[in-house]
Amino acid sequence: MSKAILQIKSLSIRYDNHVDPIIKDLSFDLYESEILCLRGRSGSGKSTIVAAIMGMLPDYHAQSRGEISYQGKNLLTSTEAELRAIRWKEIALVPQSSMNSFNPVYTIRRSLREMIILQDPTVSKKEMEKREEYLMELVYLDKQVLSCYPHEMSGGMKQRAAIALAMVYTPRILILDEATTGLDTKVQADVLGTILRMKREMNMTLLFISHDAELGNTISDRKVELK
Ligand SMILES: Nc1ncnc2c1ncn2[C@@H]1O[C@H](COP(=O)(O)OP(=O)(O)OP(=O)(O)O)[C@@H](O)[C@H]1O
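This write-up is about the structure you can find in this document. (Residues numbered from 1 in each chain as written. Predicted model: local features only at pLDDT ≥ 70, side-chain atom pairs only at ≥ 80, totals over all residues. Heavy atoms only, no water.)

## Notes on helix 5 (residues 155-166)
Since one α-helical turn is 3.6 residues long, residues separated by three or four positions face the same way.
Reasoning step 1: Compared with an ideal rise of 1.5 Å per residue, which puts 12 residues at 16 Å, helix 5 spans 17 Å between its outermost C-alpha atoms and is within 8% of the ideal.
Reasoning step 2: Of all 12 residues in helix 5, 9 are buried; the element is thus mostly enclosed.
Reasoning step 3: Along helix 5, the positions that sit buried rather than exposed are Gly156, Lys158, Gln159, Arg160, Ala161, Ala162, Ile163, Ala164 and Ala166.
Reasoning step 4: Its buried side turned inward, helix 5 meets strand 6 (91-94), helix 3 (108-119), helix 4 (125-138), strand 7 (173-177) and helix 6 (185-202). (Helix = DSSP H or I, 4+ residues; strand = E, 2+ residues; numbered from the N terminus. Expected span 1.5 Å × (residues − 1). Buried < 20%, exposed > 50% of the residue type's maximum accessible area, 1.4 Å probe, protein only. Contact = heavy atoms within 4.5 Å.)

In C-alpha cells form, the structure reads like this:
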C-alpha cells in the first residue's frame, strides 16, 4: 500500500469578505504515485485549496485552520523560506488558464530557459539544451516547438508546454488545476495521455483538479468530492 505524501487534515479556510468558510473541515490524503481527482462545482473552493497547498493564500485576508502536512511540516504554518524550498521544487502547479499565460513575446525556449536558469544559475549551454529537449519529449512535443511563440501554437500544445514548465524542477507532486478545461475532446485526450504517461514512466504523484466528474473518473485512481 502506498504511503501518504500529502495529508490534508480538518482544513478550514475563510476569506474576510465571506461570512462562512469556503472550505469546511476537509480531510484527505494524497498517496505516492497516484492520480487523485479533487472535484467540485465552480466556486466550491478548488483553487483556494491549491493556493493553500502552494503557500499562496492571500494571508492578509484569508484565515486557515487545520493542517496540510508534507514531510512532517505543516505547510499552513511554515515560514516563507520553508515554503520557497518546497514550492515548484517539490510541489509544482500547472495553474488554471496557464496555457494563456505564456509571455507572448517569448519563444517557448526562452520561457523554459528562464525557469532552468532560476533552478541552476551555473547551468551550461549544452546541459540547458539537453534539459529543454528532455522536457519537450516528456510532454510529447516536437523540439521544433521550442522556437515557437505562443500564438503559433494550438491550445493543446500550449497546455503541454505549460506542463513542461512546471516539470523543470522535477517535482514530487504535480497539481493540475483545470488542465484540460476549454480544450476540445481530441486535444483533451492528448493532454490526458501526456499526464498518464508521466505518472506511468516517472512514478509521479498528481493532484488533478476538475469540475468535470466524467473526466475525473477517466483519469484518476481516486476521487475527493467537494461539497
Ligand atoms: N482571493 C480571494 N479573496 C476573496 N474571495 C475569494 C478569493 N479567491 C476566491 N474567493 C472566493 O472563494 C470562493 C471559491 O473560489 P475558488 O476559486 O477557490 O473556487 P473554484 O472551485 O476553484 O472555482 P472555479 O472552478 O470557478 O475556478 C468563490 O466564492 C470566490 O469568489
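## Examining the sheet that holds strand 9 (residues 222-225)
Reasoning step 1: Ordered in space as 6-7-8-3-9, the 5 strands form an open sheet in which the pairing is parallel. Two strands in the sheet have a free side with no partner beyond their single neighbour: strand 6 and strand 9. Ignoring strand direction, the axes of neighbouring strands in this sheet form an average angle of 20 degrees.
Reasoning step 2: Two elements, strand 3 (residues 35-39) and strand 8 (residues 205-210), share 5 bridges in a ladder whose sense is parallel. When the bridges of strand 8 are listed, Cys37 appears paired with Phe208. (Pairing = 2+ DSSP bridges. Axes fitted to C-alpha atoms, helices over the stretch in contact; angles between N-to-C directions.)

## Overview of the packing of aromatic side chains
Reasoning step 1: What the rule picks out here adds up to 0 aromatic pairs.
Reasoning step 2: Its end group placed over the ring of Tyr140, Arg197 keeps NZ or CZ at 4.2 Å from the ring centre. (Phe/Tyr/Trp six-rings, centres within 6.5 Å; stacked < 30°, edge-to-face > 60°. Lys NZ or Arg CZ within 6 Å of the ring centre and 35° of its normal.)

## Brief notes about the site of the ligand
Reasoning step 1: Looking at the ligand, there are 16 residues lining it, with Ser42, Gly43, Lys46, Ser47 and Thr48 nearest.
Reasoning step 2: In the environment of the ligand, an oxygen atom lies 3.0 Å from a nitrogen or oxygen atom belonging to the backbone of Gly45.
Reasoning step 3: Contact distances for the ligand include 2.9 Å between an oxygen atom and a side-chain N or O atom of Lys46.
Reasoning step 4: Taken by itself the ligand offers 640 Å² of open surface, and the protein chains cover 67% of this. (Near = heavy atom within 4 Å. Polar contact = N/O pair within 3.5 Å; in protein donor to acceptor, adjacent residues only side chain to side chain. Areas by Shrake-Rupley, 256 points an atom, 1.4 Å probe, with all protein chains shown as cover.)

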